[in-house]
Amino acid sequence: MQQLLSCPNKSLDLSTSQVMGILNVTPDSFSDGGKFIQLDNALKQVEQMLEDGVSIIDIGGESTRPGAANVSETDELTRVIPVLKAIKQRFDVLVSIDTSKAVVMSTAIEQGADIINDVRALQNDDCLGILAQTNVPVCLMHMQGLPRTMQQQPSYNNIIEDIKLFFQQRIDACEQAGIKRQRLILDVGFGFGKTLAQNYQLLAELSQFQCFNLPLLSGTSRKSMIGDLLNQQAERRLAGSLTTAIIAAQQGAQILRVHDVKETVDALKVLQATMQSSLLSEEK
Ligand code: 7PJ
(Lines give C-alpha, C1' and ligand atoms only; values in the text may rest on other atoms or scores of the structure.)
Protein backbone atom coordinates (compact mmCIF):
# COMPACT_ATOMS: atom_id res chain seq x y z
CA MET A 1 0.00 0.00 0.00
CA GLN A 2 1.26 3.45 -0.93
CA GLN A 3 2.49 5.18 2.25
CA LEU A 4 3.13 8.69 1.01
CA LEU A 5 0.89 11.15 -0.80
CA SER A 6 3.02 13.63 -2.75
CA CYS A 7 1.47 17.08 -3.04
CA PRO A 8 3.33 19.83 -4.94
CA ASN A 9 4.82 21.48 -1.84
CA LYS A 10 4.47 18.87 0.86
CA SER A 11 3.99 15.15 1.35
CA LEU A 12 1.51 13.46 3.60
CA ASP A 13 2.54 10.37 5.53
CA LEU A 14 -0.14 7.72 5.10
CA SER A 15 1.50 4.97 7.15
CA THR A 16 -1.23 5.73 9.70
CA SER A 17 -4.72 7.00 8.80
CA GLN A 18 -4.99 10.78 8.47
CA VAL A 19 -7.97 13.03 9.09
CA MET A 20 -9.46 15.32 6.47
CA GLY A 21 -11.65 17.97 8.10
CA ILE A 22 -14.78 19.16 6.30
CA LEU A 23 -15.17 22.89 5.81
CA ASN A 24 -18.42 23.62 4.05
CA VAL A 25 -18.87 27.02 2.52
CA THR A 26 -22.33 26.30 1.13
CA PRO A 27 -25.48 27.89 2.47
CA ASP A 28 -27.38 24.58 2.32
CA SER A 29 -25.10 21.77 3.52
CA PHE A 30 -27.14 19.42 5.59
CA SER A 31 -25.40 19.51 8.95
CA ASP A 32 -23.63 22.85 9.25
CA GLY A 33 -25.08 24.79 6.34
CA GLY A 34 -24.57 28.52 6.55
CA LYS A 35 -22.50 28.53 9.70
CA PHE A 36 -19.10 28.98 8.09
CA ILE A 37 -20.07 31.26 5.29
CA GLN A 38 -18.31 34.15 6.89
CA LEU A 39 -14.59 34.08 6.37
CA ASP A 40 -13.82 34.72 10.02
CA ASN A 41 -15.85 31.75 11.10
CA ALA A 42 -14.20 29.56 8.50
CA LEU A 43 -10.74 30.56 9.71
CA LYS A 44 -11.63 29.92 13.34
CA GLN A 45 -12.92 26.52 12.36
CA VAL A 46 -9.65 25.75 10.53
CA GLU A 47 -7.59 26.88 13.52
CA GLN A 48 -9.58 24.58 15.78
CA MET A 49 -9.24 21.65 13.39
CA LEU A 50 -5.46 22.16 13.27
CA GLU A 51 -5.29 22.16 17.05
CA ASP A 52 -7.32 18.95 16.97
CA GLY A 53 -4.89 17.14 14.66
CA VAL A 54 -6.30 17.55 11.16
CA SER A 55 -4.01 16.83 8.16
CA ILE A 56 -6.13 18.14 5.28
CA ILE A 57 -8.87 20.78 5.13
CA ASP A 58 -11.51 19.92 2.51
CA ILE A 59 -13.31 23.03 1.25
CA GLY A 60 -16.62 22.42 -0.51
CA GLY A 61 -18.71 25.07 -2.25
CA GLU A 62 -21.28 22.79 -3.88
CA SER A 63 -23.70 20.85 -1.71
CA THR A 64 -24.00 17.33 -3.08
CA ARG A 65 -26.52 16.04 -0.57
CA PRO A 66 -29.41 14.07 -2.09
CA GLY A 67 -31.75 16.44 -3.92
CA ALA A 68 -29.37 19.42 -3.84
CA ALA A 69 -29.63 22.01 -6.60
CA ASN A 70 -26.82 22.79 -9.03
CA VAL A 71 -24.51 25.70 -8.24
CA SER A 72 -23.17 28.11 -10.87
CA GLU A 73 -19.45 28.43 -11.57
CA THR A 74 -19.44 32.02 -10.36
CA ASP A 75 -21.18 31.17 -7.11
CA GLU A 76 -18.85 28.27 -6.42
CA LEU A 77 -15.75 30.35 -7.17
CA THR A 78 -16.96 33.20 -4.93
CA ARG A 79 -17.57 30.79 -2.09
CA VAL A 80 -14.40 28.74 -2.32
CA ILE A 81 -11.52 30.92 -3.55
CA PRO A 82 -11.46 33.64 -0.84
CA VAL A 83 -11.52 30.98 1.89
CA LEU A 84 -8.76 28.98 0.18
CA LYS A 85 -6.57 32.09 -0.17
CA ALA A 86 -7.12 33.13 3.44
CA ILE A 87 -6.27 29.65 4.75
CA LYS A 88 -3.14 29.42 2.61
CA GLN A 89 -1.98 32.85 3.81
CA ARG A 90 -2.36 32.00 7.47
CA PHE A 91 -1.82 28.28 7.96
CA ASP A 92 0.59 25.57 6.90
CA VAL A 93 -1.97 22.88 6.10
CA LEU A 94 -2.89 20.84 3.06
CA VAL A 95 -6.10 22.06 1.45
CA SER A 96 -8.28 19.99 -0.83
CA ILE A 97 -11.08 21.42 -2.92
CA ASP A 98 -14.30 19.44 -3.21
CA THR A 99 -15.44 20.35 -6.72
CA SER A 100 -16.44 18.85 -10.08
CA LYS A 101 -15.96 21.99 -12.15
CA ALA A 102 -12.85 22.44 -14.31
CA VAL A 103 -12.74 26.21 -13.77
CA VAL A 104 -12.92 25.85 -10.01
CA MET A 105 -10.19 23.20 -10.14
CA SER A 106 -7.80 25.33 -12.20
CA THR A 107 -8.42 28.53 -10.23
CA ALA A 108 -8.03 26.72 -6.94
CA ILE A 109 -4.77 25.06 -8.01
CA GLU A 110 -3.42 28.47 -9.10
CA GLN A 111 -4.28 29.75 -5.64
CA GLY A 112 -2.42 26.97 -3.86
CA ALA A 113 -4.89 24.09 -3.50
CA ASP A 114 -2.96 20.90 -2.72
CA ILE A 115 -5.53 18.23 -3.62
CA ILE A 116 -8.63 18.02 -5.83
CA ASN A 117 -11.51 16.00 -4.43
CA ASP A 118 -14.07 15.24 -7.14
CA VAL A 119 -17.28 13.35 -6.33
CA ARG A 120 -17.71 12.97 -10.12
CA ALA A 121 -14.22 11.49 -10.59
CA LEU A 122 -13.11 13.98 -13.28
CA GLN A 123 -15.96 13.00 -15.64
CA ASN A 124 -17.10 16.58 -16.30
CA ASP A 125 -15.83 18.46 -19.36
CA ASP A 126 -12.18 19.56 -19.33
CA CYS A 127 -11.37 18.19 -15.87
CA LEU A 128 -8.94 15.52 -17.07
CA GLY A 129 -7.13 18.02 -19.30
CA ILE A 130 -6.84 20.64 -16.53
CA LEU A 131 -5.49 18.13 -14.03
CA ALA A 132 -3.03 16.69 -16.55
CA GLN A 133 -1.31 20.10 -16.63
CA THR A 134 -0.71 20.01 -12.88
CA ASN A 135 0.80 17.64 -10.35
CA VAL A 136 -1.77 17.73 -7.53
CA PRO A 137 -3.26 14.48 -6.24
CA VAL A 138 -6.90 13.77 -7.12
CA CYS A 139 -9.55 11.86 -5.23
CA LEU A 140 -11.80 9.89 -7.61
CA MET A 141 -15.14 9.14 -5.95
CA HIS A 142 -17.77 6.69 -7.12
CA MET A 143 -21.33 7.95 -7.46
CA GLN A 144 -24.27 6.24 -9.16
CA GLY A 145 -26.51 8.85 -10.81
CA LEU A 146 -26.44 12.52 -9.81
CA PRO A 147 -27.18 14.18 -6.47
CA ARG A 148 -30.67 15.33 -7.45
CA THR A 149 -31.91 11.78 -8.07
CA MET A 150 -29.22 9.36 -6.89
CA GLN A 151 -31.10 7.96 -3.90
CA GLN A 152 -34.26 7.11 -5.87
CA GLN A 153 -33.38 3.57 -6.93
CA PRO A 154 -29.74 2.61 -6.62
CA SER A 155 -29.09 -0.72 -8.33
CA TYR A 156 -26.00 -2.83 -8.95
CA ASN A 157 -25.19 -6.28 -10.31
CA ASN A 158 -22.52 -6.70 -7.67
CA ILE A 159 -21.74 -3.46 -5.89
CA ILE A 160 -18.12 -4.33 -5.09
CA GLU A 161 -17.31 -5.50 -8.61
CA ASP A 162 -19.26 -2.63 -10.23
CA ILE A 163 -17.30 -0.04 -8.24
CA LYS A 164 -14.00 -1.81 -8.95
CA LEU A 165 -14.81 -1.65 -12.65
CA PHE A 166 -15.64 2.06 -12.35
CA PHE A 167 -12.32 2.71 -10.55
CA GLN A 168 -10.39 0.84 -13.22
CA GLN A 169 -12.09 2.84 -15.98
CA ARG A 170 -11.37 6.16 -14.27
CA ILE A 171 -7.75 5.20 -13.52
CA ASP A 172 -7.34 4.30 -17.20
CA ALA A 173 -8.95 7.58 -18.32
CA CYS A 174 -6.62 9.53 -16.01
CA GLU A 175 -3.53 7.72 -17.22
CA GLN A 176 -4.51 8.21 -20.86
CA ALA A 177 -4.99 11.92 -20.22
CA GLY A 178 -1.52 12.15 -18.65
CA ILE A 179 -2.40 12.01 -14.94
CA LYS A 180 -0.02 9.58 -13.28
CA ARG A 181 -1.51 6.72 -11.34
CA GLN A 182 0.46 7.59 -8.19
CA ARG A 183 -1.50 10.87 -7.97
CA LEU A 184 -4.81 9.07 -7.48
CA ILE A 185 -6.87 8.41 -4.35
CA LEU A 186 -10.00 6.22 -4.48
CA ASP A 187 -13.29 6.63 -2.61
CA VAL A 188 -16.35 4.35 -2.85
CA GLY A 189 -18.64 7.33 -2.18
CA PHE A 190 -20.76 6.39 0.81
CA GLY A 191 -24.33 7.66 0.35
CA PHE A 192 -23.91 8.55 -3.31
CA GLY A 193 -26.45 6.30 -5.04
CA LYS A 194 -26.37 3.52 -2.43
CA THR A 195 -29.08 2.02 -0.21
CA LEU A 196 -28.55 1.66 3.54
CA ALA A 197 -27.68 -2.02 3.12
CA GLN A 198 -25.31 -1.28 0.24
CA ASN A 199 -23.47 1.36 2.29
CA TYR A 200 -22.87 -1.15 5.09
CA GLN A 201 -21.80 -3.83 2.67
CA LEU A 202 -19.22 -1.40 1.25
CA LEU A 203 -18.00 -0.55 4.74
CA ALA A 204 -17.68 -4.21 5.65
CA GLU A 205 -15.79 -5.00 2.47
CA LEU A 206 -13.79 -1.81 2.05
CA SER A 207 -10.49 -3.68 2.24
CA GLN A 208 -11.30 -5.26 -1.13
CA PHE A 209 -10.50 -1.93 -2.78
CA GLN A 210 -6.92 -2.18 -1.56
CA CYS A 211 -6.33 -4.29 -4.68
CA PHE A 212 -5.61 -1.08 -6.64
CA ASN A 213 -2.70 -0.30 -4.35
CA LEU A 214 -3.83 3.32 -4.11
CA PRO A 215 -4.79 5.30 -0.99
CA LEU A 216 -8.45 4.92 0.01
CA LEU A 217 -10.50 7.82 1.32
CA SER A 218 -13.65 7.20 3.32
CA GLY A 219 -16.42 9.71 4.02
CA THR A 220 -19.23 8.52 6.27
CA SER A 221 -19.34 11.40 8.75
CA ARG A 222 -22.90 12.24 9.91
CA LYS A 223 -24.36 10.69 6.75
CA SER A 224 -27.81 9.10 6.40
CA MET A 225 -26.32 5.62 6.64
CA ILE A 226 -25.83 6.52 10.31
CA GLY A 227 -28.89 8.72 10.78
CA ASP A 228 -31.29 6.24 9.18
CA LEU A 229 -29.92 3.35 11.20
CA LEU A 230 -30.03 5.22 14.52
CA ASN A 231 -32.94 7.48 13.72
CA GLN A 232 -30.88 10.50 14.77
CA GLN A 233 -30.55 14.02 13.40
CA ALA A 234 -27.19 15.11 11.92
CA GLU A 235 -25.88 16.67 15.13
CA ARG A 236 -26.55 13.45 17.10
CA ARG A 237 -24.54 11.13 14.87
CA LEU A 238 -21.12 11.39 16.51
CA ALA A 239 -20.96 7.87 17.98
CA GLY A 240 -22.07 6.35 14.70
CA SER A 241 -19.63 8.49 12.73
CA LEU A 242 -16.70 7.46 14.93
CA THR A 243 -17.61 3.80 14.68
CA THR A 244 -17.73 3.91 10.88
CA ALA A 245 -14.46 5.87 10.76
CA ILE A 246 -12.68 3.25 12.86
CA ILE A 247 -14.10 0.35 10.86
CA ALA A 248 -12.98 2.08 7.65
CA ALA A 249 -9.49 2.66 9.05
CA GLN A 250 -9.25 -0.99 10.07
CA GLN A 251 -10.22 -1.93 6.53
CA GLY A 252 -7.35 0.17 5.19
CA ALA A 253 -8.83 3.65 4.63
CA GLN A 254 -5.86 6.01 4.95
CA ILE A 255 -7.80 9.27 4.76
CA LEU A 256 -10.99 9.84 6.78
CA ARG A 257 -13.18 12.77 5.76
CA VAL A 258 -14.96 13.98 8.90
CA HIS A 259 -16.75 16.83 10.66
CA ASP A 260 -15.58 15.90 14.16
CA VAL A 261 -11.80 16.10 13.95
CA LYS A 262 -10.79 15.85 17.62
CA GLU A 263 -12.97 12.86 18.36
CA THR A 264 -11.81 11.04 15.22
CA VAL A 265 -8.13 11.72 15.94
CA ASP A 266 -8.61 10.35 19.48
CA ALA A 267 -10.40 7.26 18.22
CA LEU A 268 -7.65 6.64 15.66
CA LYS A 269 -4.99 6.88 18.37
CA VAL A 270 -6.75 4.14 20.28
CA LEU A 271 -6.94 2.00 17.15
CA GLN A 272 -3.25 2.58 16.40
CA ALA A 273 -2.14 1.71 19.93
CA THR A 274 -4.10 -1.52 19.64
CA MET A 275 -2.69 -2.42 16.25
CA GLN A 276 0.90 -1.65 17.35
CA SER A 277 0.53 -3.75 20.43
CA SER A 278 -0.77 -6.66 18.42
CA LEU A 279 2.22 -6.33 16.08
CA LEU A 280 4.59 -6.31 19.09
CA SER A 281 3.02 -9.46 20.55
CA GLU A 282 3.25 -11.20 17.18
CA GLU A 283 7.00 -10.46 17.11
CA LYS A 284 7.60 -12.10 20.50
C1 7PJ B 1 -17.91 12.99 0.15
C2 7PJ B 1 -17.19 13.97 -0.51
C3 7PJ B 1 -17.35 11.68 0.27
C4 7PJ B 1 -15.46 12.52 -0.94
C5 7PJ B 1 -19.06 14.79 0.15
C6 7PJ B 1 -21.32 14.89 2.75
C7 7PJ B 1 -21.59 15.09 1.31
N8 7PJ B 1 -15.97 13.75 -1.05
N9 7PJ B 1 -17.94 15.10 -0.51
N10 7PJ B 1 -16.13 11.51 -0.30
N11 7PJ B 1 -19.08 13.52 0.58
N12 7PJ B 1 -14.26 12.25 -1.47
O13 7PJ B 1 -20.30 15.25 3.32
O14 7PJ B 1 -22.26 14.34 3.36
O15 7PJ B 1 -17.92 10.74 0.82
S16 7PJ B 1 -20.32 15.95 0.39
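The present account deals with the structure reproduced in this document. (Residues numbered from 1 in each chain as written. Predicted model: local features only at pLDDT ≥ 70, side-chain atom pairs only at ≥ 80, totals over all residues. Heavy atoms only, no water.)

A few points about the site of the ligand
Part 1: Asp98, Asn117, Asp187, Lys223 and Arg257 are the nearest of the 13 residues found near the ligand.
Part 2: With respect to the ligand, the side chain of asparagine 117 contributes an N or O atom lying 2.7 Å from a nitrogen atom.
Part 3: When the free accessible area of the ligand is taken as 390 Å², the share hidden by the protein chains comes to 93%.
Part 4: Grouping the constituent residues of the shell around the ligand by class yields 6 nonpolar, 3 polar and 4 charged. (Near = heavy atom within 4 Å. Polar contact = N/O pair within 3.5 Å; in protein donor to acceptor, adjacent residues only side chain to side chain. Areas by Shrake-Rupley, 256 points an atom, 1.4 Å probe, with all protein chains shown as cover. Nonpolar A, V, L, I, M, F, W, Y, C, P; charged D, E, K, R; others polar.)

With respect to the pairing of strand 6 (residues 115–118)
Part 1: The alternating pattern of strand 6 places Ile115 and Asn117 on one face and Ile116 and Asp118 on the opposite face, and all of these are buried.
Part 2: Note that strand 5 (residues 94–98) and strand 6 share 3 bridges and pair parallel. Considered in strand 6, the bridge of aspartate 98 is made with asparagine 117.
Part 3: Once you follow strand 5 into helix 3 (residues 102–110) and on to strand 6, the crossover reads as right-handed.
Part 4: With 3 bridges joining them, strand 6 and strand 7 (residues 138–141) adopt parallel strand pairing. Within strand 7, the position partnered with asparagine 117 by the bridge is cysteine 139.
Part 5: In this region the chain leaves strand 6, passes through helix 4 (residues 127–132) and returns to the parallel neighbour strand 7; the handedness of that crossover is right-handed. (Buried < 20%, exposed > 50% of the residue type's maximum accessible area, 1.4 Å probe, protein only. Helix = DSSP H or I, 4+ residues; strand = E, 2+ residues; numbered from the N terminus. Pairing = 2+ DSSP bridges. Right-handed = clockwise from strand over helix to strand, strands pointing away.)

So, the sheet that holds strand 10 (residues 255–258)
Part 1: Sheet architecture is open: 8 strands sit in the order 8-7-6-5-4-3-10-9, paired in parallel fashion. Each having just a single partner strand, strand 8 (184–187) and strand 9 (217–218) make up the two edges of the open sheet.
Part 2: The sheet contact formed by strand 3 (residues 18–24) and strand 10 spans 4 bridges and is parallel. By the bridge assignment, methionine 20 is partnered in strand 10 with arginine 257.

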